[in-house]
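Below are the chains, spelled out letter by letter.
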Amino acid sequence: MNKPNGQYFVGPKEKEIQDFIRPLPIRKVNGIGRVMEKTLFGACGIETVKDLFDACADVQFLFKEATANFLLRASIGYSDCNKHREDADDESGGADVLQRKGISHERTFAPTSSWSELCNKLSNITQSLVEDLRQRNLMPKTVTLKVKLASFDILTRAVTRNVALSFDQNSTQSASAQDLVDIAVTLLKEAKAKTDGKSGFSVRLLGVRCSNFQLEKETQFSMDRYCQKATVPLPTGNPYASPKRNAKVDSTKPLASIQEEAASETPPSNHVCCPMCNKSFLSDENDAINQHIDACLNASTVRELCREENVCADERAKKKKKKCINDFFS
């Protein structure tokens, strides 16, 4: 707008703000990227900020509360990133959902191959990065170095630590800025070792990136958790029975003797009865009840029932057998 200066003054009145933002494509709104642009156009046909304002009901219905509030504030010319973060925190229950993926600093300068000059520039970049990490209370595990050569070739080297770097000055285990500088210099040596002997090591850009931040409360389990051997012994016996019924049962004991035992006992006042033989047990004797029911349903009883079923099936099969012509003359 207003080329060649590229500057445009928007008045403080609401009408002036609306007249300025409503014709703009939604891609011009800070915070709306290519994915959100395609989503809004595909779902609601939204192309401009005016379309976004007119489809406020659809936006409120289709998106989560935090995203919908951000879009609706943007449609009237008000977009507060801090408010957007607070809404998302209230919706999800914590700020970890919007945790940064990474933070980086880089500098471009005249190509140089002086090792001392490169180390000084790298130290300055790392110092400023540490200040940002300390202000945001971020604890990175991964450090990445970016090197752009004078030939515009880009080299990257990264290292991941088991323990995150904490730059909190109040912590007893706080790392210093020099620790991060040493890591960056080590990565620079590795990058230099790869290019030495080819076209030289003339550098025009250096950058340091920290990522893989450790949250205050780790929400992701490591693979070690799933590789630990089970310490609880597995039950032995019938794998299809419940753990309480895995006790050994005398399967040779006939059902008649069990019924006689049930008839000879006098049931107590607070008791439960076996559904097979009506034997009485105290209500808190769960193991004894389970063991007794297993005895009632032992293998011999099941075999007897199966045998009776087979006999009945044979008799039914004989009745259904087709008669031949000789049967009528016998």
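In this report, the structure presented in the accompanying data block is examined.

The rules we used
- Residues numbered from 1 in each chain as written.
- Predicted model: local features only at pLDDT ≥ 70, side-chain atom pairs only at ≥ 80, totals over all residues.
- Heavy atoms only, no water.
- Helix = DSSP H or I, 4+ residues; strand = E, 2+ residues; numbered from the N terminus.
- Expected span 1.5 Å × (residues − 1).
- Contact = heavy atoms within 4.5 Å.
- Salt bridge = Lys/Arg side-chain N within 4 Å of Asp/Glu carboxyl O.
- Buried < 20%, exposed > 50% of the residue type's maximum accessible area, 1.4 Å probe, protein only.
- Pairing = 2+ DSSP bridges.

Description of helix α7 (residues 115–136)
Line of reasoning, step 1. The terminal C-alpha atoms of α7 lie 32 Å apart, and with 22 residues this matches the ideal 32 Å at 1.5 Å per residue to within 8%.
Line of reasoning, step 2. Considering only its buried residues, α7 is in contact with β1 (102–112), β2 (140–149), α8 (177–195) and β4 (203–213).
Line of reasoning, step 3. Phi turns positive, to about 55 degrees, at Asn 137, one or two residues after α7.

Topic: the pattern of salt bridges
Line of reasoning, step 1. Inspection of every chain in the model, using the stated rule, returns 6 salt bridges.
Line of reasoning, step 2. Notably, a salt bridge pairs Arg 27 with Glu 37, separated by 3.7 Å at the nearest N-O pair. Here the residue Arg 27 occupies a position in the loop between α1 (14–21) and α2 (34–44), and Glu 37 occupies one in helix α2, the gap between them amounting to 10 residues.
Line of reasoning, step 3. The closest approach of N and O atoms between Asp 132 and Arg 136, which form a salt bridge, is 3.8 Å. On the criterion of helical spacing, the pair formed by Asp 132 and Arg 136 is a turn pair, its members being 4 residues apart in helix α7.
Line of reasoning, step 4. Note on Asp 132: relative accessible area 18%, which makes it buried.

Overview of the pairing of β2
Line of reasoning, step 1. Burial analysis of β2 places 8 of its 10 residues in the buried class, which makes it a mostly covered element.
Line of reasoning, step 2. Taken together, the 7 bridges between β2 and strand β3 (residues 154–160) define a ladder with antiparallel strand orientation. When the sheet's bridge partners are listed, Thr 142 is paired in β3 with Thr 160.
Line of reasoning, step 3. Taken together, β2 and the strand that follows it, β3, pair antiparallel across an intervening segment of 4 residues, in which Phe 152 is found at a positive phi of about 70 degrees.

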